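# Summary of structural features
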Amino acid sequence: MLSLMSEAAVERKVAPPLWRNIRVLRGFGQAVFVVVVVLAFRELFLNLQFGLDRQGQELNFEFLRQRAGFSIKEGISYNPNQSFVRALQVGLSNTLRVAVVGIVLASIFGLIMGVARLSTNWLIRKIAQVYVEAVRNTPLAVQLVFWYVAVVLALPSGVSGGLSIWNVAFISNRASVIPWVRAEDTFGVWAIFLVIGIAAALAARSWRTRVSERTAQPPRRFLWSLGTFLAIAAVGYVVAGNPVRLDVPKFVDRTYEGGAQLSPEYTALLLALVVYTGAFIAEIVRGSILAVPKGQKEAAEAMGLTPRQQLRLVVLPQALRIAIPPINSQYLNLTKNSSLGLLIGFPEIVSVGRTISNQAGGATQVLLIWMATFLTLSLTISFFMNLLNRAVTRRGERR
Amino acid sequence: MIPGSELPTDLERAPLIIEEERAVEVAPSKVPTTPGEWVRQNLFSSIFNGVVTVLSAAVVLYFGFQLLRWIFVSADWAVVKANLRIYMVGRFPLEEVWRVWASAYLVAFLIGLSWGVSGLRLRWTPRKAALRAVLGVAVLLVLAYLLEGLRIWILTLAIPATVAAGVLLGRAGSRRLRGVVIAGWVLVFPAIIVLLRAFDGVPPQVWGGFMLNVLLAVAATFLSFPVGILLALGRRSTLPIISKFCVGFIELFRGVPLVTLIISGQFILPLMLPPRMQLSLIVRMILVFTIFSSAYVAEIVRGGLQGVHFGQYEAAKAVGLSTTRMMALIILPQALRMTIPAMISHFIGLFKDTSLLAALAITDALRAARRASAQLEFIGDQKEALLAAALLFWVVTFSMSRWSQRLERRLGVGER
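Conventions adopted
- Residues numbered from 1 in each chain as written.
- Chains lettered and ligands numbered in written order.
- Predicted model: local features only at pLDDT ≥ 70, side-chain atom pairs only at ≥ 80, totals over all residues.
- Helix = DSSP H or I, 4+ residues; strand = E, 2+ residues; numbered from the N terminus.
- Buried ≥ 20, exposed ≤ 12 C-beta atoms within 10 Å, placed from the backbone.
- Rg over C-alpha atoms; globule rule 2.2 N^0.38 Å.
- Expected span 1.5 Å × (residues − 1).
- pLDDT = per-residue confidence, 0-100.
- Contact = placed C-beta atoms within 7 Å.
- Axes fitted to C-alpha atoms, helices over the stretch in contact; angles between N-to-C directions.
- Parallel < 35°, antiparallel > 145°, perpendicular 65-115°, else oblique.
- Left-handed = near helix turned anticlockwise from the far one by under 90°.
- Nonpolar A, V, L, I, M, F, W, Y, C, P; charged D, E, K, R; others polar.
- Pairing = 2+ DSSP bridges.
- Core = buried A, V, L, I, M, F, W, Y, C linked by C-beta atoms within 7 Å.

### Notes on the overall build of chain B
Scanning chain B from terminus to terminus reveals 18 helices and zero strands. Seen along its three principal axes, the alpha-carbon backbone of chain B occupies a region of about 90 × 70 × 50 Å. Taken across its 416 residues, chain B has 29% of its residues classed as buried.

### Description of the overall build of chain A
Across its full length, chain A carries 12 helices and eight strands. Whereas a compact globule of 399 residues would reach a radius of gyration of roughly 21 Å, chain A reaches 28 Å, over 25% beyond that. Along the first, second and third principal axes, the C-alpha atoms of chain A reach 80 × 65 × 50 Å.

### Comments concerning helix α7 (residues 221-240) of chain A
Relative to the 28 Å expected for 20 residues at 1.5 Å per residue, α7(A) spans 28 Å between its end C-alpha atoms, a close match to the ideal helical length. Count one or two residues on from α7(A) and you reach A:Gly241, which has phi positive near 70°.

### Brief notes about the environment of A:Val238
Here A:Val238 lies in helix α7. The class of A:Val238 is exposed, set by 11 C-beta atoms lying within 10 Å.

### Some words on the confidence of the model for chain B
Residues and elements named next belong to chain B. Confidence along chain B averages 81 in pLDDT terms, with 91% of residues attaining 70 or more. Ignoring residues within four places in sequence, the model shows residues 1-26, a span with pLDDT below 50, making 16 contacts including any to other chains. If you check the scores for this complex, the pTM reads 0.83 and the ipTM reads 0.81.

### Comments concerning the packing of helix α5 (residues 140-152) of chain A against helix α8 (residues 264-291) of chain A
How two helices sit against one another is set out by the angle between their axes and by the gap between those axes. All names here are of chain A. It is the contact of α5 with α8, at a shortest axis distance of 9 Å, that shows an interaxial angle of 135°. Compared by their axis directions, α5 and α8 come out oblique. Every pair of crossing elements has a handedness; the one defined by α5 and α8 is right-handed. Listed contacts from α8 to Leu140, Gln143, Leu144, Trp147, Tyr148 and Val152 of α5 are Pro264, Glu265, Thr267, Ala268, Leu269, Leu271, Ala272 and Tyr276. When the residues that make up the contact of α5 with α8 are grouped by side-chain class, the tally is 11 nonpolar, two polar and one charged.

### Here we look at the sheet that holds strand β3 (residues 176-178) of chain A
Residues and elements named next belong to chain A. Read across the sheet, four strands follow the order β1-β2-β3-β8 without closing on themselves; strand pairing throughout is antiparallel. Each of the sheet's edge strands pairs with one partner strand only, and the pair in question is β1 (163-165) and β8 (260-262). Strand-to-strand twist in this sheet, taken as the mean axis angle between neighbours without regard to direction, amounts to 20°. The pairing of β1 with strand β2 (residues 169-171) spans three bridges and is classified as antiparallel. The partner of Leu163 across the bridge, within β2, is Ile171.

### Examining the interface of chain A and chain B
Between chain A and chain B, the residue contacts involve 50 residues of the former and 51 residues of the latter. Looking at the side of chain A that touches chain B, the elements that each hand over two or more residues are α1 (2-13), α2 (22-54), α4 (122-136), α5, α10 (307-337), α11 (349-360) and α12 (363-398) of chain A. Among the residues making up the side of chain A that touches chain B, the classes are represented as 30 nonpolar, 15 polar and five charged.

### A look at the nonpolar core
Grouped together as the largest cluster of nonpolar side chains are 133 residues, with contacts concentrated most on A:Ala141, A:Leu144, A:Val145, A:Leu269, A:Ala272 and B:Ala389. Among the elements that make up this core, the one with the highest residue count is α8(A) (17 residues).

### Quick word on the environment of A:Phe84
Residue and element names in this part refer to chain A. Assignment of secondary structure puts Phe84 in helix α3 (residues 84-117). C-alpha of Phe84 to C-alpha of Lys336: the two residues are 252 residues apart in sequence and 22 Å apart in space. Filtering out sequence-adjacent residues up to four positions away, Phe84 remains in contact with Leu64, Gln66, Ala68, Ile356 and Ala360.

### Here we look at the confidence of the model for chain A
Confidence in the prediction of chain A, expressed as mean pLDDT, is 84, and 95% of residues score 70 or more. At the level of individual helices and strands, chain A shows its lowest average pLDDT in α1(A), which scores 55, and its highest in α8(A), which scores 92.

### Here we look at the packing of helix α15 (residues 310-318) of chain B against helix α16 (residues 323-353) of chain B
Residues and elements named next belong to chain B. Here α15 crosses α16 at 160°, and the two axes come no closer than 10 Å. Of the possible angle classes, the one that applies to α15 and α16 is roughly antiparallel. When the axes of α15 and α16 are compared, the crossing they make is right-handed. In this structure, α15 contributes Gln312, Tyr313, Ala316 and Lys317 to the contact, and α16 contributes Met326, Ile330, Ile331 and Gln334. Tallied by class, the residues present in the contact of α15 with α16 amount to five nonpolar, two polar and one charged.

### Remarks on the environment of B:Thr238
By the secondary structure assignment, B:Thr238 is in the loop between α10 (209-235) and α11 (240-255). Along the sequence, B:Thr238 and B:Leu84 sit 154 residues apart, while their C-alpha atoms lie 54 Å from each other.

Written out as structure tokens, the structure is:
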């Protein structure tokens, strides 16, 4: 900044010679940079093309239309006669399946462990500490292989039904089967009610805010909006006539029927990601609660707020604001780490892509697809976290 | 929820008390005086807490007992014992292993020397002494099980001896040796590479085991440091093209999983390099890890640069320093000092990530564990094999993170 101003001032009096004119120098420097970068990339690209030519490969995405020919055991419907494109879609769906569920579970688990780290109870504190220190300091790859080989595959055999949990869920080395909710034909009707319910809940919320501001009554926004939503949802449920059904799995004839079946690979990857990321989130939760200045709590205490109120109204809102950016990067890490499914043969987009490039070549194109996929996923997650961040900050300002 | 958050109940009566000393007396003492008091405050402060304590104690005792029984009774650690060499150095030829030992002594001596020069002394409170004694006995027991033969015992015990020699020498020479220590740390890595590779040494293709994990992480961190600094400076540059390029580079490599880069390093990188310049797989992996790491180092350095007070830039300008000299003499020394803890934790992360090499045909510690438990006589011993690999990583990363915490306190990061 300063240099720019002073240079501009000099320029007004006497124009310096070209080789000392800062604007010329800047332009020239960047031009040289661009030329060097372009030449380097051209060299790499030409080498690549030459190498691919020798291998008889072309640098386009045509080969993705070929028949895949390999089977993928889980995810959206697929058969080996479909194309590589379809196989990649299956891989993407599996990545999303493990990443989204993983993010939700890791948040919950990490929050619990982070709060446990700050518990007044010595034993709880120590348990959480041992968990965090053990998990954070060993590689995720080792943990993942451990979960898969030494835990999930070592479960009771699936042929005999495995471990039954009150006959509503089963755990075995062949699959983990849990009860699941399935939509009936009339689900669409109920969905409309649910949307109306959310809108009404938001309306109730702002109405309560206005009432509270006018009359100084406690706003009880959460109770009111939840109540509104539940009432409308219940009416809709009756109108639609049981739009959802609980699907409880059964073990019949050496196979599982119904419920949601999770493959051993999925279970292991999910466990590993949740346990690993949970430890990092726990540290973030702990760190951001501790990072709220001590004076804030003391001030709240001095104003006569109860310990609960101090936590809910003063400490947590500020801690949340500190926590959101690092938690966002943990979510990104979890999503990227789902690619470790490769190590245990979970068919997410990286292992499907690798199978494709082993079969038909095209490693470069596959790399580009991976990059595009993960950059899109990262941007999407960051977008939502930024929305959340803004919401939290604005609420902080309003109060 | 938070200790000491309840107001003392007597406070309501406080205005009635006239003498000030009495008011002080009603404040409850926070520090427990007797063991009984400690237990009451930390384990049974309320009914809910008591229930939680009892339940979790039961769970901990049950699983702790099961774990101990498994470790000492059911588990068969022979798989680790038989494959110790694979774990540590992979397929490194037996007659050349002295090169690895020599490197280990070099590093051990340097660690001891820097410790001695820094003048830090271990503090021996009774609790810490007890902890260290238990730890020492445990390590000795593990070694007693794993190591067989006088030769390997002597070789192993020479490591702490070298550290001790370094400490003594460092203390004796203190100030004068400071330059030697810094030069030593700069030169130790190339020296080790030479030691392993030169004089009819071992080509990188057969480096392996935990040694490879360490070497790869160290190499990538060292090499990515200058690249990362350049990228960070480039990102903050006022030249739009350079700054856009650096942002693109950083965000691209930070946004992509390392596994995809590793796979590309295996299949695509050989094609992209000139045909005359064919690198072995390990060297290519060092390149991949360096590129990956430099994107992260750049962000850490950028954080450090932003942490330098604006006045420092202005002051440097005011005394007439050029941009280059301002960065080199004023800004970077301050910025880099602030990034040390973040750099250590980045190194820890990178070190853990080296286990991803197991996805390729490289015998790192994780792959060594899988290979060991695939041997016919050790089938079914995956737990033992994998736990041994995990423990190797854990020992290094845990001690490094502890060290980093101490360093953070000493540097006073975040206190300014």
